[in-house]
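Understanding the architecture of this molecule
Each chain, letter by letter, is given below.
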Number of protein chains: 2
Amino acid sequence: MIETITLYDIPSPIVPGIAWSPNAWKVRYALNYKGLPHKTEWVEYPDIKDKCIELGIEPTSTRSDGSLYYSIPAIYDPNTKSSIADSYRIVLYLERTYPNTPRLMPKGTEALQSFPLYSHAMGPDIPILKFNILPTFRLLNPRSQEFYRSVREKIHRVKLEEIEPKGEKAEVMWKRVKESYDKLDGYYRLSGGPYLMGETLSYVDIAIASLSAWIRSLHGKDSDKWKDIISWNDGRWGRLVESLEKYATIN
Amino acid sequence: MIETITLYDIPSPIVPGIAWSPNAWKVRYALNYKGLPHKTEWVEYPDIKDKCIELGIEPTSTRSDGSLYYSIPAIYDPNTKSSIADSYRIVLYLERTYPNTPRLMPKGTEALQSFPLYSHAMGPDIPILKFNILPTFRLLNPRSQEFYRSVREKIHRVKLEEIEPKGEKAEVMWKRVKESYDKLDGYYRLSGGPYLMGETLSYVDIAIASLSAWIRSLHGKDSDKWKDIISWNDGRWGRLVESLEKYATIN
């Protein structure tokens with residue numbers, strides 16, 4: 001019998017169901033899709049580093065100032081006594097460790113699945129991020145808010161409230177978000193199916209759905225932003241997120 | 001019986017075997033791998049636009065100044081009376097039109113194969129390009145040279161001779177080329193095989209091999225640049241190009 005895997009995620013007191021982090025959603029969708037027993041442990045931003053060190057997880061990367069970057073999502077799997085961070089690496093681990101569960105990386109596509117297709121379509125500055133930073137801050141608990149503000153303000157060198165584009169700038173940038181989804185749609189049209197591999201759901205769809213659902217969490221179902229996104233490309237993005245609802249249980 | 005497909009390519013009087021264009025090589029490797037009868041027709045740079053219009057090929061894209069960009073490689077397939085430009089689109093066409101020939105885009109991976117992995121690894125400014133512009137100019141016929149110079153100098157806003165980095169700048173930029181290959185190597189290591197899909201050769205390998213072989217054509221087999229590249233990542237890139245030599249016949 002497979003023992004319960006722990007998924008470490010960042011909580012929100014506001015988002016229905018608590019879970020909002022797009023990268024953690026990639027892993028949660030995968031765990032549910034694979035039918036692997038799991039539970040979530042909630043970790044606030046300032047505690048991520050200590051939690052990773054406690055679990056023996058290596059930093060995901062090094063920041064440009066040389067400091068180590070520890071990140072969530074992470075999992076601890078008691079079946080193999082393994083701790084892993086980074087959503088792609090976690091799902092790859094699940095694919096390899098539990099080969100008899102439904103696959104998200106069909107044979108031979110592991111490397112092809114690792115492409116950050118979403119951010120590639122968005123371009124190097126990922127315009128959607130600027131719209132999401134302040135709403136992300138707002139949905140966090142106070143301890144995480146403080147930490148999040150200090151990190152983002154160091155990176156962007158302006159007050160958190162000034163990162164979001166306003167007026168005409170916002171319009172131009174939102175148009176670029178639409179163009180990115182159009183580009184993604186071009187990839188999907190090549191496949192001819194609802195998924196990037198045609199009829200077969202794979203990791204790259206989960207990644208794109210998670211990032212789209214993030215916008216819904218941040219801005220709300222009734223926001224103009226979410227309404228825009230689900231109106232683009234014949235409703236592809238809303239349908240993609242909906243098709244994963246049955247794997248959206250938060251344990 | 002399949003009638004002979006025409007591949008339109010740009011000639012060089014210097015490169016052994018005449019063919020040097022990396023994008024045309026992607027198509028040539030594919031035609032040979034699939035065993036499709038084909039012949040090459042050589043087109044000089046200033047004649048590409050007229051040739052495309054004659055064949056009824058749409059421009060590949062629009063330049064930032066609004067002018068239409070016609071490009072080679074292109075093919076004319078008398079079996080279906082189709083003319084197509086752009087290496088990915090041509091290979092996708094061959095996959096769909098000749099499904100009983102060896103596949104380069106295994107089922108479901110058509111869209112995943114379209115990802116420009118090489119330029120993604122290189123980053124938005126693709127550092128190798130700056131090293132390749134002057135050598136590309138040098139291997140062309142005079143008519144193409146004149147055209148190539150005028151286009152590049154308009155894009156880069158400096159004399160062709162000044163595009164290539166020199167001294168310390170060149171060292172830094174070449175280090176970035178190595179880092180890009182290291183990144184590509186990381187993708188290949190995920191697959192565990194000589195190819196990005198493991199043991200299965202696919203379009204993305206052909207694209208990476210074509211771009212690597214381009215550096216060999218431009219700088220020569222005995223150049224430091226080529227020697228560097230084949231020494232990186234345990235010799236992966238030399239082996240990849242070698243593994244395609246049997247599909248490198250120029251018809």
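Residues numbered from 1 in each chain as written. Chains lettered and ligands numbered in written order. Predicted model: local features only at pLDDT ≥ 70, side-chain atom pairs only at ≥ 80, totals over all residues. Heavy atoms only, no water.

The relation between the two chain copies is a rotation about an axis coupled with a shift along that axis. For the pair chain A and chain B, the best superposition has an RMSD of 0.0 Å and corresponds to a rotation of 180 degrees with a translation of 0.0 Å parallel to the axis. Considering both components of the superposition, the chain copies are consistent with a two-fold axis. For chain A, the minimum C-alpha distance to the rotation axis belongs to Leu112 of chain A and amounts to 3.1 Å. (Least-squares fit on C-alpha atoms with pLDDT ≥ 70 in both.)

The biggest cluster of nonpolar side chains holds 146 residues, and the ones touching the most others in it are Tyr181 of chain A together with Tyr181 of chain B. Those residues in contact with Tyr181 of chain B, other than ones at most four positions away along the chain, are Tyr118, Met122, Ser212, Ile215, Ile229, Trp232, Asn233 and Trp237 of chain B. (Core = buried A, V, L, I, M, F, W, Y, C linked by side-chain atoms within 4.5 Å. Buried < 20%, exposed > 50% of the residue type's maximum accessible area, 1.4 Å probe, protein only. Contact = heavy atoms within 4.5 Å.)

The subject of this paragraph is the packing of aromatic side chains. Counted by the stated rule, this structure contains 25 aromatic pairs over all chains. Taking 5.0 Å as the distance between ring centres and 85 degrees as the angle between the ring planes, the aromatic pair formed by Tyr33 of chain A and Tyr247 of chain A counts as edge-to-face. Residue Tyr33 of chain A is located in helix α1 (residues 22-33), and its partner Tyr247 of chain A is located in the segment after α11 (236-243); the two are separated by 214 residues in the primary sequence. Look at Tyr247 of chain A and you get buried, because its relative accessible area is 18%. Geometrically, the ring pair formed by Tyr118 of chain B and Tyr181 of chain B is edge-to-face, given 5.9 Å between the ring centres and 85 degrees between the ring planes. (Phe/Tyr/Trp six-rings, centres within 6.5 Å; stacked < 30°, edge-to-face > 60°. Helix = DSSP H or I, 4+ residues; strand = E, 2+ residues; numbered from the N terminus.)

All names here are of chain A. Taken in spatial order, the four strands line up as β2-β1-β5-β6 in an open sheet, and their pairing is mixed. The sheet is open, and its two borders are formed by β2 (38-42) and β6 (82-85), each paired with just one other strand. Recorded for the sheet is a direction-independent mean angle of 20 degrees between the axes of neighbouring strands. Examined bridge by bridge, strand β1 (residues 5-9) and strand β5 (residues 74-77) share three bridges and lie antiparallel to one another. (Pairing = 2+ DSSP bridges. Axes fitted to C-alpha atoms, helices over the stretch in contact; angles between N-to-C directions.)

This paragraph deals with the interface of chain A and chain B. Between chain A and chain B, the contact holds 20 residues from the first and 20 residues from the second. Summed over both partners, the interface of chain A with chain B comes to about 1800 Å²; 75% of that surface belongs to carbon and sulfur atoms. When the area that chain A buries against chain B is broken down by residue, the three leading residues are Leu112, Phe115 and Leu190 of chain A, summing to 37%. Along the contact surface separating chain A from chain B lie zero salt bridges. Linking chain A with chain B are two residue pairs in polar contact (both at pLDDT 80 or more), by the criterion used here. Among the elements of the structure, α3 (87-97), α4 (110-113), α5 (117-122) and α8 (167-191) of chain A are those that each provide at least two residues to the side of chain A that touches chain B. If one sorts the elements of the side of chain A that touches chain B by residue count, α4 of chain A sits on top with four residues. (Buried area = accessible area lost by both parts, 1.4 Å probe. Salt bridge = Lys/Arg side-chain N within 4 Å of Asp/Glu carboxyl O. Polar contact = N/O pair within 3.5 Å; in protein donor to acceptor, adjacent residues only side chain to side chain.)

Within the secondary structure, Lys26 of chain A is located in helix α1. One buried charged residue, Lys26 of chain A, remains without a salt bridge, the closest side chain of opposite sign being Asp86 of chain A at 7.7 Å. (Lys, Arg positive; Asp, Glu negative; His and termini not counted.)

Let us look at the pattern of salt bridges. Residue and element names in this part refer to chain A. Per the stated rule, a full pass over the model turns up 26 salt bridges over all chains. Between Lys178 and Asp182 there is a salt bridge, with the nearest N and O atoms lying 3.0 Å from each other. Here Lys178 and its partner Asp182 are both found in helix α8, four residues apart, which amounts to about one turn of the helix. The exposure class of Lys178 is partly exposed, given its relative accessible area of 30%. One continuous salt-bridge network, built from bridges that share partners, spans Lys34, Glu95 and Arg103.

Our focus in this paragraph is the sheet that holds strand β2 (residues 38-42) of chain B. Residue and element names in this part refer to chain B. Sheet architecture is open: four strands sit in the order β2-β1-β5-β6, paired in mixed fashion. Every interior strand has two partners, whereas the edge strands, β2 and β6 (82-85), have only one. Pairs of neighbouring strands in the sheet enclose a mean axial angle of 20 degrees, with direction left out of account. In the sheet, strand β5 (residues 74-77) pairs with β6 via four bridges, with the strands oriented antiparallel. Looking at the pairing, Ala74 lines up with Ala85 of β6. Relative to strand β1 (residues 5-9), helix α1 (residues 22-33) is tilted by about 155 degrees, and along the sheet it contacts β1, β2 and β5. Strands in contact with helix α3 (residues 87-97) are β1, β5 and β6; relative to β6, the strand with the most contacts, it is inclined by about 140 degrees.

Now for the domain arrangement of chain A. All names here are of chain A. Partitioning chain A into domains gives domain 1 (5-105) and domain 2 (116-247). Put simply, the middle of domain 1 and the middle of domain 2, counted by C-alpha atoms, are 20 Å apart. Of the residues lining the interface, 25 residues belong to domain 1; the matching set on domain 2 comes to 21 residues. Interface area for domain 1 against domain 2, summed over the two sides, is near 2400 Å², with a carbon-plus-sulfur share of 65%. By the criterion of area lost to domain 2, the three top residues of domain 1 are Trp20, Tyr29 and Tyr45, representing 29% of everything that side buries. Two residues, Asp47 and Arg143, come together in a salt bridge whose shortest N-O distance is 2.9 Å. Linking domain 1 to domain 2 there are ten residue pairs in polar contact (both at pLDDT 80 or more). Of all elements in the fold, only α1 and α3 reach the threshold of two or more residues within the side of domain 1 that touches domain 2. (Domains from an automatic or database assignment.)

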